[in-house]
Amino acid sequence: VSLTPMKPFKSWPQSVTHSATAGFTLLEMLVVVIIVGVLASIAAPDWFQYLMGRRVVTVRDEVRQVLEEAQDTAIARREQRVVTFYTNEDRPTVSIGSTHNDGIRQTLGGDSVRPGMITLSATADSVTFDYQGTVASSTTITVFPTGQTGGRKSCVLVRTLLGSLTNEDGANCP
């Protein structure tokens, strides 16, 4: 058996080199930028609305937490606790004290809620829990984006029956 030597492997022709065909054309880059811009303009409003809805729910949950804390403290100390709502502030603000305007003011929403972004309104300027944790009259505290019609609205309902607290959203908020 005789073996014949193999021919060496031929390299690519010099006419097909990477330097002549590497990269993208300006037209291709322009098309990609336009497509990304169109997709971003479609998605951005929904994203911003989603973020605002999350901020509203965060503030609503903090309002409920403040109310629950006041109710628990009233029962534990066997003394009345008053939660005051400062609806004229540029950020959602409340306080807990023994009487109206007695406590330390707390701004709700943290750093994600800038001044003038979210409005806090209430059917009464305060909620008073007696020593048993009940309230004399029902109150609704509503949280919504400032100046937006049709924006997400969320609320906490304080009911007289044992001072029960419930969360509601959208059309269920009075």
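For every chain, the first residue of its written sequence is number 1, and the numbers climb from 1 along that sequence. pLDDT decides what is reported in this predicted model: residues at 70 or higher carry local features, side-chain atom pairs at 80 or more are listed and counted, and totals for whole chains, interfaces and linings draw on all residues regardless. The side-chain numbers reported here are obtained from all heavy atoms of the structure, hydrogens and water having been left aside.

Enquirer: Explain the overall build of the protein here, please?
Expert: Helices and strands together make up the secondary structure of the protein, namely two helices and eight strands. In the protein, the succession of helices and strands from N to C terminus is α-α-β-β-β-β-β-β-β-β. Sorting the 174 residues of the protein into buried and exposed places 30% on the buried side. Whether two residues are in contact is decided by their heavy atoms, any of which lying within 4.5 Å being enough. Once local pairs closer than 6 in sequence are excluded, the contacts in the protein between residues at least 24 apart make up 50%. Accessible surface, the protein: about 11800 Å² in total, of which carbon and sulfur atoms supply 59%. Secondary structure elements are taken from DSSP: a helix is a run of H or I of four residues or more, a strand is a run of E of two residues or more, and numbering for both begins at the N terminus. For the exposure calls, accessible area comes from a 1.4 Å probe over protein chains only, and a residue counts as buried if that area is under 20% of its type's maximum, exposed if over 50%, partly exposed in between. The Shrake-Rupley method, run with a 1.4 Å probe, gives the accessible areas here. Residue values count only the displayed protein chains as cover.

Enquirer: Whenever I open this one, unusual backbone geometry confuses me. Can you help?
Expert: Excluding glycine, most residues fall at negative phi; most peptide bonds, likewise, are trans. Look at R78: it is not a glycine, yet its phi comes out positive at around 55 degrees. With respect to the helices, strands and loops of the structure, R78 is situated in the loop between α2 (26–77) and β1 (81–86).

Enquirer: Would you mind showing me how to read the sheet that holds strand β8 (residues 165–169) here?
Expert: Two pairing modes exist for strands in a sheet, parallel and antiparallel, and in both the strands are linked by backbone hydrogen bonds. Pairing between strands is defined by DSSP: at least two bridges between the two strands are required. A sheet is described by the order of its strands in space; here four strands give the open sequence β4-β6-β7-β8, paired in antiparallel fashion. Taken across any chain shown, the strands that pair with only one partner, and hence form the sheet edges, are β4 (118–122) and β8. When the angles between neighbouring strand axes are averaged without regard to direction, this sheet yields 15 degrees. Here five bridges tie β4 to strand β6 (residues 139–145), and the two strands are oriented antiparallel to one another. Directly across from L120, in β6, lies its bridge partner V143. Axis lines are fitted through C-alpha atoms, for helices just across the contact stretch, and the angle between N-to-C directions can take any value from 0 to 180 degrees. The strands touched by α2 within the sheet are β4, β6, β7 (154–158) and β8, with β8 carrying the most contacts at an inclination of about 170 degrees.

Enquirer: In this structure, what is going on with α2? I would like to understand it.
Expert: An α-helix turns once per 3.6 residues; consequently, residues spaced three or four apart project the same way. With 52 residues, α2 extends 73 Å from end C-alpha to end C-alpha; this agrees with the ideal 76 Å at 1.5 Å per step. At A43, α2 is deflected by roughly 30 degrees, the largest bend along its length, and proline P45 occurs up to four residues later in sequence. In the stretch just after α2, R78 is the one whose phi turns positive, near 55 degrees. By definition here, a helix of n residues has an expected span of 1.5 Å times n minus one. We define the bend at each residue as the angle formed by axes fitted to the 7 residues ending at it and the 7 residues starting at it.

Enquirer: I keep staring at the packing of aromatic side chains and nothing clicks. Help me out?
Expert: Pairs of aromatic rings are described using the distance from one ring centre to the other and the angle between the two planes. In this scheme Phe, Tyr and Trp rings, the latter by its six-membered ring, pair at centre separations within 6.5 Å, and the angle between planes marks the pair as stacked below 30 degrees, edge-to-face above 60, and tilted otherwise. One pass over the full model with this rule turns up one aromatic pair. Put simply, a charge is over a ring when the Lys NZ or the Arg CZ is close to the ring centre, within 6 Å, and near the line of the ring normal, within 35 degrees. Positioned above the aromatic ring of Y86 is the side chain of R105, whose terminal nitrogen or guanidinium carbon lies 3.7 Å from the ring centre.

Enquirer: Would you mind showing me how to read the pairing of strand β3 (residues 104–107) here?
Expert: Regular strands have side chains that alternate between both faces of the sheet. Pairing of strand β2 (residues 93–97) with β3, which is carried by four bridges, proceeds in the antiparallel orientation. Bridge pairing in β3 links T93 to T107. The loop that links β2 with its antiparallel partner β3 comprises six residues; one of these, N101, has a positive phi angle of about 60 degrees.

Enquirer: Which parts of the structure should I look at to understand the nonpolar core?
Expert: Throughout, nonpolar core names a set of buried Ala, Val, Leu, Ile, Met, Phe, Trp, Tyr and Cys residues whose side chains join them through atoms within 4.5 Å. If you look at the biggest cluster of nonpolar residues, it comprises 25 residues, and the most contacted ones within it are V63, L67, V83, F85, I118 and F129. Looking at this core, the elements with two or more residues in it are α2, β1, β2, β4, β5 (126–129), β6 and β7. For this core, the leading source of residues is α2, giving eight residues. Setting aside its immediate chain neighbours within four residues, V63 contacts F85, L108, L120, I141 and V156.

Enquirer: Would you explain the sheet that holds β3 in this entry?
Expert: Spatially, β3-β2-β1-β5 is the arrangement adopted by the four strands of the open sheet, whose pairing is antiparallel. Here the strands that pair on one side only, and so sit at the sheet edges, are β3 and β5. Each neighbouring strand pair of the sheet contributes to a mean axis angle of 20 degrees, computed without reference to strand direction. Here α2 sits on the sheet and contacts β1, β2, β3 and β5; the angle it forms with β1, its principal contact strand, is near 160 degrees.

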